Amino acid sequence: MSDSSPLPPVRLHPEAELARAALSTPVLSRAARLARWTGPETRVDAGGVLVEEQLPAAAEVLGLSGDDAVARAGEAWRVAVDAGLVDIVDEEAGTVTAGAGLALLTSGSPHDVLGIWLAALETLIADAAVPDLDGLVDALDQGGEVDFASLDWDPQAEADFLDGVLGNLYLLTVSEDGSGERPVPLPALAASMIVPSDMGAPSNDVLEQVSDAMMRLDDQFRMLEPAGLVEYQPLDEALMADADEEPAAPVDDTDVARYGMVRLTPLGAYGLRARLLEAGFAAPVVGELADKGADALFDGMANFGQSAARAETERWLEQREPLAAARELLAAARGTDEGAPLRRLRCQQALSLVGAEAEPALREVLDDPELGGLARVWLSERDAAGVPAPSEAMVFWLTVDTVAAQLAAEGNSEELRALVEGLASQHSGFFAAAWRVDHPATADVLEAMGRLHPDKKVAKEARKAAFKARSQQAG
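Computed from a prediction, not measured in an experiment: that's the story for all the values here.

Colleague: Even after reading the chapter, I still don't get helix α23 (residues 456-474), so can you show me in this structure?
Modeller: Residue pairs spaced three or four apart in an α-helix point in one direction, given the helix's 3.6 residues per turn. Over its 19 residues, α23 extends 27 Å from the first C-alpha to the last, a length consistent with the 27 Å expected when each residue adds 1.5 Å. Where α23 is concerned, the buried positions are V458, A459, A462, A465, A466 and A469. Seen from one end, α23 has its buried residues packed into an arc of 120°, which puts them on one side. The outward face of α23, more than 90 degrees from its buried face, is lined by the exposed residues K456, K457, K464, F467 and A474. Where α23 is buried, its residues contact α20 (414-426), α21 (430-434) and α22 (442-452).

See the structure below:
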């Protein structure tokens, strides 16, 4: 995922709701409990880690039991320190006290709480990127440094891999045609990082890499679930009972679930967006354009899918009177620049959400060469009286503008292909007239029609018409 590629907008839950969810996560609630437990007798080592003899007491405070109770208590302590719930008072003496962050959990704003949770999340993500280091002592060289080569572990590569997986999970969750509220199969998530997009049938070597990645991700998502980042259905360990055999391919939805299913929570969407912003990505949120002008609304929605654009537009319209909103939308839709057709498409979609109160604004632009066509469409759809018939030139101009907008919004989609076929079949002599249309995108639209139309004869006509249009523009 490149930081230059625009991400789809995410629908975030209210901060108050997200803060309540953060406070209820095992990771933050345990860290807060340890912070409250901290007293004058609590001691840490030079690295701020709770001394070993106090870990059993910390585990007892947290109600932890089992072989990993002490380890989980140590993790909770690290979170408490990193999130500012505990402060190191004297590093030499190893004394600590409750930090300022602890008070914010009860008296701070939802944004304050989420900031503390984000710090806790970073600790867990960093821990999740570290493999089992049972051999760490053996990997220490004479200078006391870790010999990463002997561990077969590249810390940066491992962190980058997990970041990439989380980025793909975010993208799958927020994209127009993504998983949304549905969980993502672990094999699909692993394959998204391993299998090249242009690869046909994956090789055995690639499949083995995917299987290895699944095992790593299974451990990592088990660690991240207590942070409230994801809901995770773990990999069925019975599938890996024979270490010498690769698991068989799943045969149905029930079988797929046995390979692990992960879903990004609303809190997780908030957290990953914050991390993406920190990494330099543009990660828009539905509703953040509501207080901007119509020109900023159109520019901001340029890469939105249809559903997200509608949601954003509804938020924008809620804050304005219908007639004033319609006038502002129409004024911002004008132009002959490359982005103008898509602005007019977004304007048309926005106006479809406005009631009859907007009618005067539409009548005011009936004679406008750029807006008169869409105004007639809007009025006719509402059975308005006295709507003048469009001229043939206006019909063709609106057609070119519409196709140009669809190209900008969706590329070579199936919907656009159907539109192209319909135009060519419904209008006899379409290409003979279309190349003369005085629209900046005429040649590009005709070239696209030639590329998209399945009939070779019609496609050739479109390409010829595109050549004529370019010659006319050059002249």
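Colleague: Before we go on, may I ask you to explain a positive patch on the surface in this structure?
Modeller: Together, R436, K460, R463, K464 and K468 give the surface a local cluster of positive charge. Inspection of the secondary structure puts K464 in helix α23. Of the residues examined, K464 reaches a relative accessible area of 52% and is grouped as exposed.

Colleague: Would you mind showing me how to read the environment of A466 here?
Modeller: Tracing the backbone shows A466 in helix α23. By relative accessible area, A466 is classed as buried at 2%. Once residues within four sequence positions are removed from consideration, A466 is found in contact with A443, L446 and E447.

Colleague: Could you clarify how one ought to interpret the pattern of salt bridges in this entry?
Modeller: Pairs may arise between side chains of opposite charge once their charged atoms sit close together. Counted by the stated rule, this structure contains 22 salt bridges. In this structure, R320 engages E328 in a salt bridge whose closest nitrogen and oxygen atoms are separated by 3.9 Å. Connected through salt bridges with shared partners, the residues E122, D163 and R275 form a single ionic network.

Colleague: Even after reading the chapter, I still don't get the pairing of strand β2 (residues 95-98), so can you show me in this structure?
Modeller: Remember that side chains alternate between the two faces of the sheet whenever the strand is regular. Sheet topology note: the strand β1 (residues 86-90)/β2 ladder contains four bridges and is antiparallel. In the sheet register, I88 faces β2, and the bridge partner there is V96. Connecting the antiparallel pair β1 and β2 is a turn made up of four residues, with G94 showing a positive phi of about 75°.

Colleague: What am I meant to see in the sheet that holds strand β3 (residues 184-185) here?
Modeller: Pairing between the strands of a sheet is mediated by backbone hydrogen bonds and can be parallel or antiparallel. The strand order across the open sheet formed by three strands is β3-β5-β4, and the pairing between neighbours is antiparallel. Each having just a single partner strand, β3 and β4 (230-233) make up the two edges of the open sheet. Here two bridges tie β3 to strand β5 (residues 261-264), and the two strands are oriented antiparallel to one another. Its bridge partner lying in β5, V184 is registered against V262. Contacts between helix α8 (residues 155-174) and the sheet are confined to β3, β4 and β5, with β5 contributing the most and set at about 70° to the helix.

Colleague: I'm lost on unusual backbone geometry in this one. Help?
Modeller: With glycine set apart, most residues show a phi of negative sign, and most peptide bonds adopt trans. In the Ramachandran plot, D383 falls in the positive-phi region, its phi being about 55° despite a non-glycine side chain. With respect to the secondary-structure elements, D383 resides in the loop between α18 (372-381) and α19 (392-410). Given the relative accessible area of 71%, D383 is considered exposed.

Colleague: I tried to follow the confidence of the model for the chain on my own but got confused; where do I start?
Modeller: Should pLDDT be low for a region, the predicted coordinates there are not to be read in detail. Counting all residues, the mean pLDDT for the chain is 87, and 89% of those residues have values of 70 or more. Looking over the chain, one finds the lowest element-wise mean pLDDT in helix α7 (residues 148-151), namely 56, and the highest in helix α1 (residues 15-23), namely 98. In the predicted structure, residues 135-142 sits below a pLDDT of 50 and forms 10 contacts with residues beyond four places in sequence or in another chain.

Colleague: Please explain the nonpolar core as it appears in this structure.
Modeller: A general feature of soluble globular proteins is that nonpolar side chains tend to end up buried together. Core analysis: the biggest nonpolar cluster contains 75 residues, and L85, Y170 and F221 have the highest contact counts within it. Top contributing element to this core by residue count: helix α6 (residues 110-128), with nine residues. Every residue in contact with L85, bar those within four places of it in the chain, is listed here: L28, A31, A32, A35, A80, A98, G99, G101, L102, L105 and I116.

Colleague: How should I be thinking about the environment of V285 in this particular structure?
Modeller: Inspection of the secondary structure assignment puts V285 in the loop between α12 (266-278) and α13 (294-300). Spatially, the C-alpha atoms of V285 and L12 are 6.9 Å apart, while their sequence positions differ by 273 residues. Ignoring anything within four residues of it in the chain, the contact list for V285 reads P9, V10, L12, R273 and E312.

Colleague: Looking at this structure, how should I read the packing of aromatic side chains?
Modeller: Two aromatic rings, taken as a pair, are described by how far apart their centres are and by the angle between their planes. What the rule picks out here adds up to three aromatic pairs. Considering the side-chain rings of F221 and Y232, the 5.6 Å spacing of their centres and the 40° angle between planes classify their relative orientation as tilted. Of this pair, F221 sits in helix α10 (residues 204-224) while Y232 sits in strand β4, and the two are 11 residues apart along the sequence. Take F221 and Y232: they sit in the same class, and that class is buried. An aromatic cluster is built from F396, F430 and F431, whose rings are joined through pairwise contacts. Its end group placed over the ring of F161, R216 keeps NZ or CZ at 4.2 Å from the ring centre.

Definitions and limits used
Residues numbered from 1 in each chain as written. Predicted model: local features only at pLDDT ≥ 70, side-chain atom pairs only at ≥ 80, totals over all residues. Heavy atoms only, no water. Helix = DSSP H or I, 4+ residues; strand = E, 2+ residues; numbered from the N terminus. Expected span 1.5 Å × (residues − 1). Buried < 20%, exposed > 50% of the residue type's maximum accessible area, 1.4 Å probe, protein only. Arc of directions from axis to C-beta. Contact = heavy atoms within 4.5 Å. Patch = residues over 30% accessible without salt bridge, like charges linked within 9 Å, V, L, I, M, F, W, Y side chains within 5 Å. Areas by Shrake-Rupley, 256 points an atom, 1.4 Å probe, with all protein chains shown as cover. Salt bridge = Lys/Arg side-chain N within 4 Å of Asp/Glu carboxyl O. Lys, Arg positive; Asp, Glu negative; His and termini not counted. Charge placed at Lys NZ, Arg CZ, Asp CG, Glu CD. Pairing = 2+ DSSP bridges. Axes fitted to C-alpha atoms, helices over the stretch in contact; angles between N-to-C directions. pLDDT = per-residue confidence, 0-100. Core = buried A, V, L, I, M, F, W, Y, C linked by side-chain atoms within 4.5 Å. Phe/Tyr/Trp six-rings, centres within 6.5 Å; stacked < 30°, edge-to-face > 60°. Lys NZ or Arg CZ within 6 Å of the ring centre and 35° of its normal.

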